[in-house]
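# Examination of the molecular architecture
Each chain is listed here by its residues.
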Amino acid sequence: QAQTLFEKCVKDFGNENFDSILGGLKCLERLKNYEDLLDTYLEVIKENKDFLPLHIERLKIYLHKQDYENAVDYIQRRLSKVKNFELLKILAVSKLMSEGDFKEVAKILTEMWELMLKEEPKNPELYYNTCCLFRKICDKRKEIMVICEKMIDKALELNPDNSYYLTEKSYLRLFDGEIRESKSLFSRSSELDPNNKECSLGVTYCKILEEKYQEV
């Protein structure tokens, strides 16, 4: 029903009604009609070549299809025209999924980190979400975790009393073998937000690693 309404808006008001075009694209995405979605994005992009969010959304479809080769090729062509940290983020994910080259991914993340500092210096959620993403998919690789820790430190610098940011920092210290420090950070995070259940789980896990089974 939503798709029909968006299509009617486009028919009645033409391509000037850009929100309706984007809404129709989102409907195709929800329906997982990726082939039609890619074709539609291609048509819309022809008329809005410099609107980067359209290119970002098209790249996400490649990721949904696990078509990492086309994603990498498309990103590299875009990066030759404009440097953007969202493009670099998708490039890092695509390279990781297709090649598993952590050293190459670390180089991409370093470039992305420098762009984030330049373009979004006051956006703690960006640093937090990006850190969470790569911590979870990079299998605790040291070269990646170092960059993730820079990101979460930046988020905490901007918002030091955020329980979830502190929890993320706790995980990173745990991965680095700093169990006592990690447990302390989890505890502090729990004090900041008692509803953050990950803190209690983190403290419990630290106690297991310390072999304090009776306390557990």
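Residues numbered from 1 in each chain as written. Predicted model: local features only at pLDDT ≥ 70, side-chain atom pairs only at ≥ 80, totals over all residues. Heavy atoms only, no water.

### Structural notes on the overall build of the protein
Inclusion rule: Secondary structure follows DSSP: runs of H or I at least 4 residues long count as helices, runs of E at least 2 residues long count as strands, and numbering of each begins at the N terminus. Partly exposed residues are those whose accessible area sits between 20% and 50% of the maximum for their type, while under 20% is buried and over 50% is exposed, using a 1.4 Å probe and protein chains only. By definition, residues are in contact when any of their heavy atoms lie within 4.5 Å. We get accessible surface area from the Shrake-Rupley algorithm with a probe of 1.4 Å; when it comes to residues, only the shown protein chains can shield them. Asp and Glu are treated as the negative residues and Lys and Arg as the positive ones, with His and the ends of the chain left uncounted. By convention, charge coordinates are those of NZ in Lys, CZ in Arg, CG in Asp, or CD in Glu.
Check the secondary structure of the protein and you find twelve helices and zero strands. Start at the N end of the protein and walk to the C end: the helices and strands fall as α-α-α-α-α-α-α-α-α-α-α-α. Along the three orthogonal principal directions, the C-alpha set of the protein runs to about 65 × 40 × 30 Å. Across the 216 residues of the protein, 44% fall into the buried class. Pairs at least 24 residues apart make up 52% of the contacts formed inside the protein by residues separated by at least 6 positions. Just so you have it, the protein exposes about 12600 Å², and 48% of that area is on carbon and sulfur atoms. Charge centroids of the protein, computed over 35 positive and 40 negative side chains, lie 2 Å from each other.

### Some thoughts on the environment of Phe-186
By secondary structure assignment, the location of Phe-186 is in helix α11 (residues 179–192). Using a relative accessible area of 0% as the deciding quantity, one classes Phe-186 as buried. Apart from the residues within four sequence positions on either side, Phe-186 is in contact with Thr-167, Ser-170, Tyr-171, Glu-198, Cys-199, Gly-202, Val-203 and Cys-206.

### Let's talk about the packing of helix α10 (residues 163–175) against α11
Note the threshold: Angles shown run from 0 to 180 degrees and are taken between the N-to-C directions of axes, each axis being a line fitted to C-alpha atoms and, for helices, limited to the stretch in contact. Roughly parallel here means an angle under 35 degrees, roughly antiparallel means over 145, roughly perpendicular means 65 to 115, and every remaining angle is called oblique. Ten residues, namely Ala, Val, Leu, Ile, Met, Phe, Trp, Tyr, Cys and Pro, are considered nonpolar, four, namely Asp, Glu, Lys and Arg, are considered charged, and the remaining ones, Gly among them, are considered polar.
Where α10 contacts α11, the axes come no closer than 8 Å and their chain directions differ by 170°. In terms of axis orientation, α10 runs roughly antiparallel to α11. Across the interface between the two elements, Ser-163, Leu-166, Thr-167, Lys-169, Ser-170, Tyr-171, Arg-173 and Leu-174 of α10 pack against Ile-179, Glu-181, Ser-182, Leu-185, Phe-186, Arg-188, Ser-189 and Leu-192 of α11. Across the contact of α10 with α11, the residue classes break down as seven nonpolar, five polar and four charged.

### Remarks on the nonpolar core
Put simply, the test is: The nonpolar core is taken to be a set of buried Ala, Val, Leu, Ile, Met, Phe, Trp, Tyr and Cys residues, with the residues joined through side-chain atoms within 4.5 Å.
Counting residues in hydrophobic clusters, the biggest one holds 56 residues, and the most contacted among them are Leu-59, Leu-109, Met-112, Phe-134, Ile-144 and Met-151. Per-element tally for this core: the top contributor is helix α7 (residues 102–119), with nine residues. Beyond its immediate chain neighbours, meaning those up to four positions away, Ile-144 contacts Phe-102, Val-105, Ala-106, Leu-109, Phe-134 and Cys-138. Counting five residues, the second largest nonpolar core, distinct from the first, contains Tyr-171, Leu-174, Phe-186 and Cys-206.

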